[in-house]
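Now for the letters of each chain:
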Amino acid sequence: MFYNLLFPLTSEWSALNVFRYISFRSLAALVTALVLSILLGPRFIAWLRRLKCGQYIHEDVAAHAAKAGTPTMGGLLMMFSLAVSMLLWSDVTNVYVWQALLVFVGFGAVGLWDDMTKLRHHQNRGISGRAKMAGQFAVACVAMVLLYVDSHYSSKLTIPFFKEVTFDLGIFYLPFGVFVMVAASNAVNLTDGLDGLAIGPSIVACLVFSIFIYITGNARFSNYLLVPYMPGVGEVTVFCAALVGAGLGFLWFNAYPAQVFMGDVGSLAIGGTLGYLALLCKQELVLSVVGGLFVAETLSVILQVSYFRWTGGKRIFRMAPLHHHFELKGVPESKIIIRFWITSILLGLVALSVLKLR
Ligand code: 57M
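I will try to describe carefully the structure that is included in this document. Bear in mind that the values here come from a model prediction, so they are computed numbers and not experimental data.

Things to note about the site of the ligand
Step number 1: Lining the immediate environment of the ligand, one finds 30 residues, of which Gln55, His64, Asn189, Asp192 and Asp264 sit closest.
Step number 2: At a separation of 2.6 Å, an oxygen atom of the ligand approaches a polar side-chain atom of histidine 64.
Step number 3: Isolated, the ligand exposes 1000 Å² of accessible area, and the fraction of that covered by the protein chains is 82%.
Step number 4: Of all the secondary structure elements, the ones that give two or more residues to the shell around the ligand are helix H6 (173-191), helix H10 (263-280) and helix H12 (292-311).
Step number 5: Along the lines of polarity and charge, the residues of the shell around the ligand split into twelve nonpolar, twelve polar and six charged.

Remarks on the packing of helix H4 (residues 95-121) against helix H5 (residues 129-148)
Step number 1: Interhelical geometry of H4 versus H5 gives an angle of 175 degrees and a closest axis separation of 9 Å. Comparing the axis directions of H4 and H5 gives the class roughly antiparallel. For the pair formed by H4 and H5, the contact residues are Gln99, Leu102, Val103, Gly106, Phe107, Val110, Trp113 and Asp114 on the first element and Ala131, Lys132, Gly135, Gln136, Val139, Ala140, Val142, Ala143, Leu146 and Leu147 on the second.
Step number 2: Of the residues that constitute the contact of H4 with H5, the class distribution is twelve nonpolar, four polar and two charged.

Brief notes about a nonpolar patch on the surface
Step number 1: The grouping of Phe161, Phe162, Val165, Phe167, Val350 and Leu357 at the surface amounts to a nonpolar patch, some 560 Å² of accessible area in total.
Step number 2: Within the secondary structure layout, phenylalanine 161 lies in the loop between strand E1 (156-158) and strand E2 (166-168).

Thoughts on the packing of aromatic side chains
Step number 1: Tallied over the entire structure, the rule returns 13 aromatic pairs.
Step number 2: Among the aromatic residues, those joined into a cluster by ring pairs are Phe2, Phe19, Phe24 and Trp89.
Step number 3: Cation over ring: lysine 282 sits above tyrosine 153, and NZ or CZ is 4.6 Å from the ring centre.

Observations regarding the environment of isoleucine 302
Step number 1: Here isoleucine 302 lies in helix H12.
Step number 2: By relative accessible area, which is 48% here, isoleucine 302 ends up partly exposed.
Step number 3: It is 15 Å that separates the C-alpha atoms of isoleucine 302 and glycine 312, two residues lying ten residues apart in sequence.

So, the nonpolar core
Step number 1: One finds Val236, Phe239, Tyr276 and Leu277 to be the most contacted residues of the largest nonpolar core, which totals 87 residues.
Step number 2: Per-element tally for this core: the top contributor is helix H9 (residues 236-254), with eleven residues.
Step number 3: When near neighbours in sequence (up to four residues on either side) are disregarded, leucine 277 contacts Cys206, Phe209, Ile213, Val236, Phe239 and Cys240.

Cut-offs applied
- Residues numbered from 1 in each chain as written.
- Predicted model: local features only at pLDDT ≥ 70, side-chain atom pairs only at ≥ 80, totals over all residues.
- Heavy atoms only, no water.
- Near = heavy atom within 4 Å.
- Polar contact = N/O pair within 3.5 Å; in protein donor to acceptor, adjacent residues only side chain to side chain.
- Areas by Shrake-Rupley, 256 points an atom, 1.4 Å probe, with all protein chains shown as cover.
- Helix = DSSP H or I, 4+ residues; strand = E, 2+ residues; numbered from the N terminus.
- Nonpolar A, V, L, I, M, F, W, Y, C, P; charged D, E, K, R; others polar.
- Axes fitted to C-alpha atoms, helices over the stretch in contact; angles between N-to-C directions.
- Parallel < 35°, antiparallel > 145°, perpendicular 65-115°, else oblique.
- Contact = heavy atoms within 4.5 Å.
- Patch = residues over 30% accessible without salt bridge, like charges linked within 9 Å, V, L, I, M, F, W, Y side chains within 5 Å.
- Salt bridge = Lys/Arg side-chain N within 4 Å of Asp/Glu carboxyl O.
- Phe/Tyr/Trp six-rings, centres within 6.5 Å; stacked < 30°, edge-to-face > 60°.
- Lys NZ or Arg CZ within 6 Å of the ring centre and 35° of its normal.
- Buried < 20%, exposed > 50% of the residue type's maximum accessible area, 1.4 Å probe, protein only.
- Core = buried A, V, L, I, M, F, W, Y, C linked by side-chain atoms within 4.5 Å.

Right, dumping it as structure tokens:
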């Protein structure tokens, strides 16, 4: 909004020219969302407590008993700070920033529906798996159609590390894109089982995509780095920065020992949005590298359930997703979290190397 209101006045006051730069507005968006989350956090958490939004805690991991009553739905705080910061600092006439916000709010609404249902039942029984999937598919389909009908968007799949190799999926890009968003949304949700475990790697992934998106929207850089160019996409860097700020602000309160959990309203929204960002900058497969930790958590569940069924009751891990396995082995929670963060930073750096190694 500042861009739309102040940049046109540059001829009268040249200092306002600074609003032209995506880099400046992105930094401002990050700081705004971060400060807003930190300032509003204590009141917001107190409000959740008054509403009795305490998380139901399973009894099968003993170490989690102490977490009983921790308020959930902290994702709402992220959503608010992200939306305010994005509105203030982005070019509000840009269609892609609105699409990104739509994905965040859409997936978040499905999560909120689940969280509210769990709250009403005073236990961990939310909406049915089928209803949740239907909601996620509906949001992903809308977002994917909006991207697909865009004349600048290509249905070609970019293959990391191979500059010449692309696969044109044609109309099949639509179901593929929907799958990417829904899978990413569920993968982040599965990972969200320890304090700061989901938000840390999400921040790293978002930072990596902010770089890819900035390059995708810049004709000169994209040409130099052989990244598909898409005019207008660069503005989404401001959205990514606001999301990083909102995520860091949430982590302020979600850091071990957590004062608030993000809830499905946060985890589904962040995951779906990471999927959308990967599709937007045509780095669909890079998502599985930068989000390798989310992939590992999801694979651990798939392997555990398949092996359990195949062997009639045997397990590979003490418990899936993976973080529960380490917990039951006696690794302290804070150590698991920090090691997962370090792994995600490493994966983020590998993902960025795609830009040069091809
Ligand atoms: C999300 N939710 C957390 C919080 C958070 C198929 C199966 C693998 C599904 C999986 C599952 O239900 N996953 C969904 C997991 C829950 O956190 C809430 O949920 C939100 C995210 N959706 O924001 O509101 C608990 O996680 C802990 N937590 C923290 N800090 C945080 O910042 O400590 C969350 C955020 C919270 C809190 O304790 O209550 C969750 O884990 O329930 N199911 C499982 O993960 C279960 N695994 C399992 O049954 N494994 C089986 C099979 C099916 C694979 C096996 O290995 O044999 C475990 N879940 C729990 N205990 N809690 C079982 C043990």
